[in-house]
Amino acid sequence: MEKPYRRRDLLGIRDLTAAEINGILDTAENFREINAREIKKVPTLRGKTVINLFFENSTRTRTSFELAAKRLSADAVNISVSSSSVTKGETILDTALNLDAMQPDCIVVRHSSAGVPHQLAKVSKAAIVNAGDGANEHPTQALLDAMTIREHKKKIKGLDVAIVGDILHSRVARSNIHLLTKLGAKVRVAGPGTLVPGDFQHLVDKGLEVCPHVEDAILGADVVMILRIQRERQDSAYFPTLREYSIHYGLTNERLDLAKKDAIVLHPGPMNRGIEISSDVADSSRSLILDQVKYGVAVRMAVLYLSTGGSMVSA
Amino acid sequence: MADEAHLVEKSRIMDSARMKRAISRLASEIVEENHGAKDLYLVGIRRRGVPLAERITDKIEQLEGVRPLFGILDITLYRDDLSTVGASPIVNRTELEEDIEGKIIVLVDDVLYTGRTIRAALDQLMDFGRPKKVQLAVLVDRGHEHRELPIQADFIGKIVPTKQTEIIKVMLKEFDDVEAVGIFERPSE
């Protein structure tokens, strides 16, 4: 039998085996039914405390984690940067130690610097779940993307997946590249030369291809994953204008026609309509953006369940 | 469970023919008690309650000409020992496609022992609605002296008084090589 998932912290997809990834996905699959009930709550994590520690703005991810905790009957506390002591000069480590002293069972952390969750995991007695660290990883996003793909394609192995956009700054892209290649998909990335990192060589023999043109990546793809253009980085001149980006890299119906007929479109949100994705595509039946959000709650329920429960064994 | 292979079978209390007869009798008792199959909803508790509930459902359909509703409960998320088992047991899906509101629910499990599984199943059931009545059918009742909660079965295949050190295994072709019920024990060191 394959080694089951036995981790407390979920810091990234990079550390996980294919069996562990499938273990989380299978668990999440079974949590979906709870979200379809009239009473969307089970008593499983009653008495456990989950702290959502967000040093970076987020509506979707934070709400998703909060709902996941509440639907498992855990007590969820949200801390965002604007209301935290960090603005009063406290270091992240001190913040973490103070929270730890209140004995939470799990801390879900998002930070603009890579590695913060890993640092917290070293000092905290609580389970640490990475909800996005800098440009490093966003494991639960990759898991919910995989769940969406599995639901619609019934498999991941052997699929052609195009990831288009700002790969350089994207933790979503990194987590997805690790996850999809581990599960046997072929991943093709494309974006402006300034936004595709040069350090992907080690992933090439694992099934990653860097394409010079967006059309090459999309051609024959089963899944087209569009990344958000981080407009807040517009000052840094990675590309001349948003309009030019949209003309060369935006996903339009014409570009999507290059993909397989039954190709699906994913976007981690929030979308910039008319920039990286046209409204026609975003609102079409091929776009599964709202399914991604829906599965996100089930994935986070599975992650919280596995992290606070210890490990996974057969009953 | 890893050490299950080392268990020694002390005695066999049912073979497949006796199991079949017990299931037929459970089916007749259920329809007799409820005056037919109207509003009947059989709900198997994972894992081994599921095939048993399916077989009772088939039998009731043969007897009455109407097929009762059928569903599946996975009680993992309602267990009271999650923090003490030290690990998260695998979660499987609960499947109650039809509304339980106003129905006569017959919970089905293989063995009734401490009653804690049934407590979890009742809690979960109530989260789905308000059934008219809930009854319990088990293939084997290990005796009320083991009960840790005030729970008893309405329909019993066989009462088997056991010691705490003994383990009752209901083997079903869906999961095992044979169809039988046996009393097992860990070999003494």
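### Quick word on the overall build of chain A
Of regular secondary structure, chain A possesses 12 helices and 10 strands. Compactness check: chain A gives a C-alpha radius of gyration of 19 Å against a globular reference of 20 Å for 315 residues, within 12% of the reference. In terms of overall dimensions, chain A has C-alpha extents of about 55 × 45 × 40 Å along its principal axes. Counting the 315 residues in chain A, one finds 48% classified as buried.

### Things to note about the overall build of chain B
Each helix and strand in chain B was counted, giving 4 helices and 9 strands. Ordering the α and β elements of chain B from the N terminus gives β-α-β-α-β-α-β-β-α-β-β-β-β. The C-alpha radius of gyration of chain B comes to 16 Å, within 12% of the 16 Å expected for a compact globule of 189 residues. When the backbone C-alpha atoms are referred to their principal axes, chain B occupies close to 55 × 40 × 30 Å. Within chain B, buried positions represent 37% of all 189 residues. Sequence-distant contacts in chain B: of pairs separated by 6 or more residues, those separated by 24 or more amount to 70%.

### Comments concerning the packing of helix α3 (residues 92-101) of chain A against helix α4 (residues 116-123) of chain A
All names here are of chain A. Running from N to C, α3 and α4 cross one another at 45°; their axes reach a closest spacing of 10 Å. Considering the angle they form, α3 stands oblique to α4. Like other packed secondary-structure pairs, α3 and α4 cross with a definite hand, here right-handed. Contacts between α3 and α4 involve Ile92, Leu93, Ala96 and Leu97 from the former and Val116, Gln119, Leu120 and Val123 from the latter.

### Concerning the nonpolar core
What tends to happen in soluble globular proteins is that the nonpolar side chains get buried as a cluster. Residue and element names in this part refer to chain A. Counting residues in each nonpolar core, the largest one holds 141 residues, and the members touching the most others are Val164, Val224 and Leu304. Top element by residues in this core is helix α12 (residues 289-309). It accounts for 10 residues. A domain-level breakdown of this core finds at least three residues from each of domain 1 (18-136 + 296-309) and domain 2 (139-292). In this view, Val224 contacts Ala162, Val164, Ile218, Leu251, Leu256, Ala259, Ala263 and Val265; residues no more than four positions away in its chain are not counted.

### Let's talk about the pairing of strand β2 (residues 75-80) of chain A
All names here are of chain A. For strand β1 (residues 49-54) and β2, the ladder comprises 6 bridges, and the chain directions are parallel. Each bridged residue has a counterpart across the sheet, and for Thr49 the counterpart in β2 is Asp75. What joins β1 to β2 is helix α2 (residues 60-71), and the crossover it makes is right-handed.

### Regarding the packing of helix α1 (residues 18-35) of chain A against α12(A)
Residue and element names in this part refer to chain A. Here α1 crosses α12 at 115°, and the two axes come no closer than 7 Å. Seen along the crossing, α1 lies across α12 with a hand that is right-handed. Residues Ile24, Thr27, Ala28, Phe31, Arg32 and Asn35 of α1 form the contact with α12, whose participating residues are Val297, Ala298, Val299, Met301, Ala302, Val303, Tyr305 and Leu306.

### Re unusual backbone geometry
Between A:Gly269 and A:Pro270 the backbone carries a cis peptide bond, its omega angle lying at -10°. The peptide bond linking B:Arg46 to B:Arg47 adopts the cis configuration, its omega dihedral lying at -5°. Relative to the elements of secondary structure, B:Arg47 occurs in the loop between β2 (40-45) and α2 (49-64). We note that A:Lys154 has phi near 65°; this positive angle belongs to a residue other than glycine. What makes A:Lys154 exposed here is the crowd of 7 C-beta atoms within 10 Å. The phi angle at B:His35 is positive, at roughly 55°, despite the residue not being glycine. Locating B:His35 in the fold gives a position in the loop between α1 (16-33) and β2.

### Some words on the domain arrangement of chain A
All names here are of chain A. Splitting chain A by domain gives domain 1 (18-136 + 296-309) and domain 2 (139-292). Between the C-alpha centres of domain 1 and domain 2 there is a distance of 26 Å. At the interface, 17 residues of domain 1 touch 16 residues of domain 2. With 5 residues, α1 is the largest single contributor of residues to the side of domain 1 that touches domain 2. Of the residues assigned to the side of domain 1 that touches domain 2, the class counts are 9 nonpolar, 5 polar and 3 charged.

### Thoughts on the pairing of strand β9 (residues 180-185) of chain B
Residues and elements named next belong to chain B. With 5 bridges joining them, strand β1 (residues 8-14) and β9 adopt antiparallel strand pairing. Bridging from a neighbouring strand, Ser11 pairs with Ile183 of β9. Relative to β9, strand β8 (residues 166-171) runs antiparallel, the two sharing 6 bridges. Bridge assignment links Lys169 to a residue of β9, and that residue is Gly182.

### Looking at the sheet that holds strand β9 (residues 264-266) of chain A
All names here are of chain A. Strand order across the open sheet formed by 5 strands is β7-β6-β5-β8-β9, with parallel pairing between neighbours. The sheet terminates laterally at β7 (208-210) and β9, the two strands that pair on one side only. In this sheet, adjacent strand axes meet at a mean angle of 20° when their direction is disregarded. Strand direction decides the pairing type here: strand β8 (residues 223-226) and β9, joined by 3 bridges, are parallel.

### As for the environment of A:Val196
All names here are of chain A. Along the polypeptide, Val196 turns up in the loop between β6 (186-190) and α7 (201-204). You can call Val196 partly exposed: it has 18 C-beta atoms within 10 Å. Sequence separation between Val196 and Glu66 is 130 residues, and the spatial gap between their C-alpha atoms is 33 Å. Those residues in contact with Val196 that lie beyond four places of it in its chain are Ile167, Leu168, Val189, Gly191 and Val210.

### Some details on the confidence of the model for chain A
When the pLDDT values of chain A are averaged, the result is 91; 94% of them are 70 or greater. Scored below 50 in pLDDT, residues 310-315 of chain A makes 23 contacts in the model with residues more than four places away or belonging to other chains.

What counts, and at which threshold
Residues numbered from 1 in each chain as written. Chains lettered and ligands numbered in written order. Predicted model: local features only at pLDDT ≥ 70, side-chain atom pairs only at ≥ 80, totals over all residues. Helix = DSSP H or I, 4+ residues; strand = E, 2+ residues; numbered from the N terminus. Rg over C-alpha atoms; globule rule 2.2 N^0.38 Å. Buried ≥ 20, exposed ≤ 12 C-beta atoms within 10 Å, placed from the backbone. Contact = placed C-beta atoms within 7 Å. Axes fitted to C-alpha atoms, helices over the stretch in contact; angles between N-to-C directions. Parallel < 35°, antiparallel > 145°, perpendicular 65-115°, else oblique. Left-handed = near helix turned anticlockwise from the far one by under 90°. Core = buried A, V, L, I, M, F, W, Y, C linked by C-beta atoms within 7 Å. Domains from an automatic or database assignment. Pairing = 2+ DSSP bridges. Right-handed = clockwise from strand over helix to strand, strands pointing away. Nonpolar A, V, L, I, M, F, W, Y, C, P; charged D, E, K, R; others polar. pLDDT = per-residue confidence, 0-100.

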